[in-house]
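# A look at the structure
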Amino acid sequence: MDAGTSNFALFFFMATVGMLVLSGSIILFVVFYQKRMIQEQLKRQALEFEYQQKMLQAELESQESERRRLAADLHDSIGGMLSTIRVGLITAGRSLPDPQSIDETKRMLDDTISSVRRISRDLMPSTLEKFGFIQAIKELCERFQATAKISISFSEQGEIPTLEQQRELMIFRIVQELLNNAVKHSQATLIEVSLCKDEHRLTVTVKDDGVGFDVVEQKNDKQFGKGLGLFSIENRARLLNGIVNFESQTGRGSKITLTLPVLHEKTT
Amino acid sequence: MKLELDDFLLIFYFQTALSALVACFVFLRFNLRPFYVKLIGLSFFLGFITHIVSLGVDGKIRNPIQTLNEIINFIIIILVYHIVLKKKYRLYFIITGSLFLVFALYNIFFFQKTELNSYTYALSSFLMMGYFILYFYRLMVELPSLHLHRLPMFWFNSGFLIYRAGTLLLFIFRPYLIHVLNDDLLLYWSFHNSLSIVEHLMILVGLLYDFKSVNTRHLSRQM
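Residues numbered from 1 in each chain as written. Chains lettered and ligands numbered in written order. Predicted model: local features only at pLDDT ≥ 70, side-chain atom pairs only at ≥ 80, totals over all residues. Heavy atoms only, no water.

## What about the overall build of chain B?
Scanning chain B for helices and strands turns up eight helices and zero strands. Mapped from its N terminus to its C terminus, chain B presents α and β elements in the order α-α-α-α-α-α-α-α. The buried share among the 223 residues of chain B stands at 51%. Long-range contacts, defined here as pairs at least 24 residues apart, represent 75% of the contacts in chain B between residues at least 6 apart. If you sum the accessible surface of chain B, you get close to 11,000 Å²; carbon and sulfur atoms cover 70% of it. (Helix = DSSP H or I, 4+ residues; strand = E, 2+ residues; numbered from the N terminus. Buried < 20%, exposed > 50% of the residue type's maximum accessible area, 1.4 Å probe, protein only. Contact = heavy atoms within 4.5 Å. Areas by Shrake-Rupley, 256 points an atom, 1.4 Å probe, with all protein chains shown as cover.)

## Looking at the sheet that holds strand β5 (residues 254-261) of chain A
Residues and elements named next belong to chain A. One open sheet accounts for five strands, arranged β1-β2-β3-β5-β4; its pairing is mixed. Either end of the sheet is taken by a strand with one partner, and the two such strands are β1 (151-157) and β4 (243-248). Each neighbouring strand pair of the sheet contributes to a mean axis angle of 10°, computed without reference to strand direction. Bridging between strand β3 (residues 201-208) and β5 involves eight bridges; their strand directions are antiparallel. Within the sheet, the bridge partner assigned to Lys207 lies in β5 and is Lys255. Sitting on the sheet, helix α4 (residues 133-148) touches β1, β2 (190-197) and β3, and the angle it makes with β1 is about 165°. (Pairing = 2+ DSSP bridges. Axes fitted to C-alpha atoms, helices over the stretch in contact; angles between N-to-C directions.)

## Examining the interface of chain A and chain B
Between chain A and chain B, the contact holds 23 residues from the first and 27 residues from the second. In total, chain A and chain B occlude about 2,300 Å² of area from one another, counting both sides; carbon and sulfur atoms represent 85% of this. Looking only at chain A, the three residues that lose the most surface to chain B are Phe8, Phe12 and Gln34 of chain A, adding up to 26% of its buried area. Joining chain A to chain B, the criterion identifies one residue pair in polar contact (both at pLDDT 80 or more). A breakdown of the residues in the side of chain A that touches chain B according to their chemical character gives 16 nonpolar, six polar and one charged. (Buried area = accessible area lost by both parts, 1.4 Å probe. Polar contact = N/O pair within 3.5 Å; in protein donor to acceptor, adjacent residues only side chain to side chain. Nonpolar A, V, L, I, M, F, W, Y, C, P; charged D, E, K, R; others polar.)

## Comments concerning the confidence of the model for chain B
Residue and element names in this part refer to chain B. Per-residue confidence for chain B gives a mean pLDDT of 90, with 99% of residues at or over 70. Averaged over each element, pLDDT in chain B is lowest for helix α7 (residues 174-179) (80) and highest for helix α6 (residues 152-172) (94). The ipTM, which scores confidence in the relative placement of chains, is 0.90 for this predicted complex, and the corresponding pTM is 0.69. (pLDDT = per-residue confidence, 0-100.)

## Some words on the pattern of salt bridges
All names here are of chain A. Per the counting criterion, the structure on display carries 20 salt bridges over all chains. Here Arg236 ties to Glu64 by a salt bridge, and the two come within 3.4 Å at their closest N and O atoms. Taken together, the residues span a long stretch of sequence, with Arg236 in helix α7 (residues 228-239) and Glu64 in helix α1 (residues 3-94) at a distance of 172 residues. Pair check on accessibility: Arg236 and Glu64 agree, each one buried. (Salt bridge = Lys/Arg side-chain N within 4 Å of Asp/Glu carboxyl O.)

## Regarding the pairing of β4 of chain A
Walk down a regular strand and you will see the side chains alternate between the two sheet faces. Residue and element names in this part refer to chain A. Along β4, the buried face is formed by Val244, Phe246 and Ser248; none of Ile243, Asn245 and Glu247, which line the opposite face, is buried. Looking at chain direction, β4 and β5 are connected through six bridges and run antiparallel. Its bridge partner being in β5, Glu247 is matched across the sheet by Lys255. Counted between consecutive antiparallel strands, the loop separating β4 from β5 contains five residues, among which Gly251 sits at a positive phi close to 90°.

## Structural notes on helix α5 (residues 165-185) of chain A
In an α-helix there are 3.6 residues to a turn, and that puts residues three or four apart on one side. Across its 21 residues, α5 of chain A extends 30 Å between first and last C-alpha, which sits within 8% of the 30 Å expected from 1.5 Å per residue. Residue Gln187 of chain A follows α5 of chain A closely and has a positive phi angle near 55°. (Expected span 1.5 Å × (residues − 1).)

## Brief notes about a nonpolar patch on the surface
A surface patch of nonpolar side chains, about 500 Å² in accessible area, is lined by Leu10, Phe13, Met14, Val17 and Val21 of chain A. Note that Val17 of chain A resides in helix α1. (Patch = residues over 30% accessible without salt bridge, like charges linked within 9 Å, V, L, I, M, F, W, Y side chains within 5 Å.)

## So, the environment of Gln112 of chain B
Residues and elements named next belong to chain B. Position of Gln112 relative to the elements: it lies in the loop between α4 (90-111) and α5 (118-142). The buried category is assigned to Gln112, whose relative accessible area is 6%. Measuring from C-alpha to C-alpha, the distance between Gln112 and Pro175 comes to 9.8 Å, with 63 residues separating the pair along the chain. Polar side-chain contacts of Gln112 include one of 3.0 Å to the backbone nitrogen of Ser118. There is a polar contact of 3.1 Å between the side chain of Gln112 and the backbone nitrogen of Tyr119.

## Regarding the packing of aromatic side chains
Geometrically, a pair of aromatic rings is defined through the distance of the ring centres and the angle of the planes. All names here are of chain B. For the coordinates displayed, the defined rule picks out 27 aromatic pairs over all chains. A centroid spacing of 5.8 Å and a plane angle of 45° characterise the contact between Tyr92 and Phe93, whose relative ring orientation is tilted. For Tyr92, a relative accessible area of 33% corresponds to the partly exposed category. For the pair Tyr135 and Phe136, a centre-to-centre distance of 6.3 Å together with 45° between the ring planes defines the contact as tilted. Like Tyr135, the residue Phe136 is buried in the burial classification. Members of the aromatic cluster, connected to one another through ring pairs, are Phe74, Tyr81, Tyr92, Phe93, Phe100, Tyr131, Phe132, Tyr135, Phe136, Phe154, Trp155 and Phe160. Between the NZ or CZ atom of Lys38 and the centre of the ring of Phe30, over which it lies, the distance is 5.0 Å. (Phe/Tyr/Trp six-rings, centres within 6.5 Å; stacked < 30°, edge-to-face > 60°. Lys NZ or Arg CZ within 6 Å of the ring centre and 35° of its normal.)

## Here we look at the packing of helix α1 (residues 5-27) of chain B against helix α8 (residues 185-222) of chain B
The axes of two packed helices give the description: the angle between them and the distance between them. All names here are of chain B. With their axes 9 Å apart at the nearest point, α1 and α8 run at an angle of 20° to one another. For the element pair α1 / α8, the angle class is roughly parallel. Note on packing geometry: the crossing formed by α1 with α8 is left-handed. Across the contact of α1 with α8, the residue classes tally to 19 nonpolar, seven polar and no charged. (Parallel < 35°, antiparallel > 145°, perpendicular 65-115°, else oblique. Left-handed = near helix turned anticlockwise from the far one by under 90°.)

Structure (structure tokens):
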């Protein structure tokens, strides 16, 4: 092999190896670059999600504190004044020649006082803060049963722990919204509310034998605020790190299940 | 370093068998395979036929057959990349494809004629490398999957790129190799065949991933 030929062979070898190394480097670069970019994208998405969660939580918290303030004002201020007016009215009635003439006014005043109490309780049930969400849900069921004349059963399985107050309030709101929906729209004759605790999960189920609804249609129908109820239930469930499952078919009742991890048990 | 004809033929037969294997693998769940995978299968099937025919005919017939195979292969590759790049670079493919066809036909009729049209191979390799890099560029822009190695097209593209990058100079200098380094031709050509084997193996890995996803789809349809 002469010098020219061996030079060519060397050049050919070096250039081909160079081309192969270059193509291998391109492949490796693409693999690592794209992996890094996707990881950054995921990190960014996680941050965005966290930010959205915080915004949502702040919004719900401010909504709840506004409700609390309104409930307190209604109960303590307006409720108190109405009670004082009632006492005054009864006292004034005694001095009238015909005390029965104010009976109608007294009855209307009593209705107003109970309405104020009911609104105040709906806005922020004192039972929830005093006795916890199980008792509050039980009471809610009794109240709905009494006012809507629908049979509402409540059951609990397993040892249901006491949760953080915020979480308890959110669960209560979800059940309240679900019962409200069932009573208003489902034409049900029987509603079953159940709480079930297994090893790591708490499951809240609200089931009715009503007319049911189209879940997808209802979720997408934001017009006139129709789908907003389900939307707010889903938002609250998301904040609880839970999953809400809507099972319903037109004419076959509905079953809504909220499943959430129980991580924030209080040691009482 | 010398290479015996038997060794060369062994590598060649292995490469031919792999071409057949690739083509056969595409036939598994053929109807469910994406169209571009079917095209790749067709390309390797034609490669296999060309190898078989090449074994039994004279160089003057073999070379035009191989050139024709390369031209068809180039058209198939254009179609494959036109599909996987979501028809975004139609004009680029039309221009480069036309340029290649004009050059290939000129080479057949006026320049290298019945010799192996190495310049046609070199030009096709050069243009194809542009498509392969363009595909990688789109991968980096679109970020379709965290695990690139699960994308069949990633393996196809890498296999093609390694083969074409490694053999580009071989095709450019082929006339020189034939006329000056005739003694070492078998060695150089075995290097080509070895790279082709690497390409085939990478294509097979891609086909395996494609088969897995196709199979999963098939099973979920049955359930």
